[in-house]
Structures are given as structure tokens and as C-alpha cells.
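# Observations on the three-dimensional arrangement
The chain contents come next:
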Amino acid sequence: MPNHRRTSPRYLQLARLIQERIDSGEYPAGSRLPSEPEMCAEFDVNRLTVREAVAELERAAAIEIRRGVGTFVRLPVARVSITVDPRSQRFDMGSTHASLPESTADRGMDVQETITAVLPAGTSTTDEEAARHLGRPVGVLTRVETVFSTGSECCGISTYWLPRALLPRELAAPGPVENLVRTLADSAGITLEYDWRAFSAIGADIGDADLLGVPAGSPLLVREGVSCTPDGEPVLHVRWRIPGERARFVLHFRETGPGLPAAPHDGQD
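All values derive from a computational prediction rather than experimental measurement.

### Observations concerning the pairing of strand 6 (residues 141-150)
Burial within strand 6 is extensive, with ten of its ten residues counted as buried. Because side chains alternate across strand 6, one face comprises the buried residues Leu141, Arg143, Glu145, Val147 and Ser149, and the other comprises Thr142, Val144, Thr146, Phe148 and Thr150, equally buried. Relative to strand 6, strand 5 (residues 111-120) is paired through nine bridges, and the arrangement is antiparallel. By the bridge assignment, Glu113 is partnered in strand 6 with Phe148. Pairing geometry for strand 6 and strand 7 (residues 153-163), over ten bridges, is antiparallel. Looking at strand 7, one finds that Ser149 is bridged to Cys154. Taken together, strand 6 and the strand that follows it, strand 7, pair antiparallel across an intervening segment of two residues, in which Gly151 is found at a positive phi of about 65 degrees.

### Comments concerning empty space enclosed by the protein
One way to see where empty space is left: roll a probe the size of a water molecule over the atoms. Across all of its chains, the model carries two cavities of 30 Å³ or more by this definition. Its boundaries defined by the atoms lining it, the second largest cavity holds a volume of some 30 Å³. Along its surface, the second largest cavity is lined by Val144, Leu162, Leu167, Leu171, Leu180, Leu184 and Leu236. Across the lining of the second largest cavity, the residue classes break down as seven nonpolar, no polar and no charged.

### Concerning helix 1 (residues 10-24)
Helix length check: helix 1 (15 residues) gives 21 Å between terminal C-alpha atoms against 21 Å at 1.5 Å per residue, within 8%. Those residues of helix 1 lying buried are Leu12, Gln13, Leu14, Ala15, Leu17, Ile18, Arg21 and Ile22. Elements in contact with the buried residues of helix 1: helix 2 (36-43), helix 3 (47-59), strand 1 (63-66) and strand 2 (70-73). Gly25 sits one or two positions beyond helix 1 and adopts a positive phi of about 90 degrees.

### Let's talk about the layout of surface pockets
As a volume, the largest pocket reaches approximately 380 Å³. In this structure, the largest pocket is lined by 24 residues; those nearest its centre are Glu64, Arg74, Glu153, Gly213 and Arg246. Listing elements by their share of the lining of the largest pocket, those giving two or more residues are strand 1, strand 7 and helix 7 (206-212). Sorting elements by how many residues they give to the lining of the largest pocket places strand 1 first, with three residues. For the lining of the largest pocket, a count of residues per class yields eleven nonpolar, six polar and seven charged.

### Points about the packing of helix 1 against helix 2
In the contact formed by helix 1 and helix 2, the axes pass within 13 Å of each other and the chain directions differ by 100 degrees. By the angle between their axes, helix 1 is roughly perpendicular relative to helix 2. Here Arg10, Leu14, Leu17, Ile18 and Arg21 of helix 1 lie close against helix 2, whose contacting residues are Met39, Glu42 and Phe43. Looking at the contact of helix 1 with helix 2 residue by residue, the classes come out as five nonpolar, no polar and three charged.

Basis of the calculations
- Residues numbered from 1 in each chain as written.
- Predicted model: local features only at pLDDT ≥ 70, side-chain atom pairs only at ≥ 80, totals over all residues.
- Heavy atoms only, no water.
- Buried < 20%, exposed > 50% of the residue type's maximum accessible area, 1.4 Å probe, protein only.
- Helix = DSSP H or I, 4+ residues; strand = E, 2+ residues; numbered from the N terminus.
- Pairing = 2+ DSSP bridges.
- 1 Å grid on protein atoms, 1.4 Å probe; cavity = no way out; pocket = protein on both sides within 12 Å on 5 of 7 lines; lining within 4 Å.
- Points joined across faces, edges and corners; volume = space filled by probe spheres on them.
- Nonpolar A, V, L, I, M, F, W, Y, C, P; charged D, E, K, R; others polar.
- Expected span 1.5 Å × (residues − 1).
- Contact = heavy atoms within 4.5 Å.
- Axes fitted to C-alpha atoms, helices over the stretch in contact; angles between N-to-C directions.
- Parallel < 35°, antiparallel > 145°, perpendicular 65-115°, else oblique.

In C-alpha cells form, the structure reads like this:
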């Protein structure tokens, strides 16, 4: 095994080598790492060194250990890119799909949005807050819950609130949806724009933790806000959550050009 830093403990040398293979795609996202015996043989180290290296990578959120199954490479960190029109100070309408890992397409992974529940507003503690943001009585709103997944792994959760009268038939029951925001806009014959978006962090409650496969209380990044018609009428309130180690938010206020730095792309930092 190459000795990148002679003063570093052997387990750190091994951890860096495995990380390099993850970064290069030799160990792609979602793949299972070689077993302990396989790594011991390949890198000429003992089991303790392998276990310490794996523990270091787990702490760095590069891998996840599934007890009784194996050790797997985590999905890449999502770069949430939001382009701002400096003339109007409005956000271009991109929907939640644009907020998921840009690198998933590069790795041949499709992001699927699936409706998990359609409920009358009023049964959740966040329903009244959504009603205030939309300027409507809570009793006229519907709450739609969705999950975003790549393969078998859930990578984000969204909750949408909208007037019940605008809910199209194709969004009224659980099941896959091509793009909820665009489906709503097309069905209602309206144009949607971002009115505002806010960013915060919370601890995962029991429900979100179960869907995302993380421990309760784990940090979640939250992106929420209101979408409106071009004349400013609030139509949709959305609250999107993603595990904190899987995403960071990037705002692009202008296009790249001469004298401007290129927008970062790969989200691997």
C-alpha cells in the first residue's frame, strides 16, 4: 500500500486511499466496499487497521455500515443550486428536482419523486404556519407529502400545501409523479414563480428519520418558501428536508463570464 504520509498512522493512510478510490469512481456511490479479509489481503494490513480506517470514513460520512450486510459508499453530497435573476430579485422556478444531487445524472442515477400521502391540512403542527404564509384558512388547504429517492435510498422529503381546489386528479393519491410542481402548474393553467425561500436546520423527528434512514435528532437542512403567480398571489408553500451531511446550498447571482469565477459543479467538497 502506498505510504502517502510516512508520519500518518497506517489506518489513516488506508482511509485516504479508500477515499481516493471513492472520489475517482472506482468505488461508486451505493456500491459495497470489499470485505475485511479482501482489504487485508489487498493492502497487506491487519483487521484492526481496516476497521479503524472504515470507522474514520464513517465519521467523515463517506461510507455507511449496514450491520449484517456490509459497508457501502454514501451518495455524493448534493449541491443545491438556485439561480437568482438580479433584475427582479426573484428566483427562477426550478422545483425541488433541481435541489437534488447534480452528480446523480452523471452517475446514471435517476431521481424519483413519489407521493406518500395526501391529507386535509389541519392535522399537522406546520399546517397553520403554511396557511399564514399562503394567506388562506387552513381548512381550504391540502397537504401533499412526497419522498425523493435514487434507487432504493430516500435522499429527501417534501411537504407541499396548496388550495384544495387546485389539486389535480393525478396528484390526489399516493404514487410516483414526474414533477409535482410542474404538474400542478400545468393542470391549473398557471405560471409559478418563487416568492421567497428560506434556509434553516432542524433535528429529524421520528417520521422524517424513519423515511430518510437516519437516527432521530439527526441534522436536516430545510429549504422552505412560497411560490406565487406572476401577479404575486401565493399558491404553494413547500418545505423540503434533506440530511445535513448530504447537501449544501449554493446561490448563483449571475451567470459566469469574463472575469467571473466559474460556478462550482461537482459537489464533492
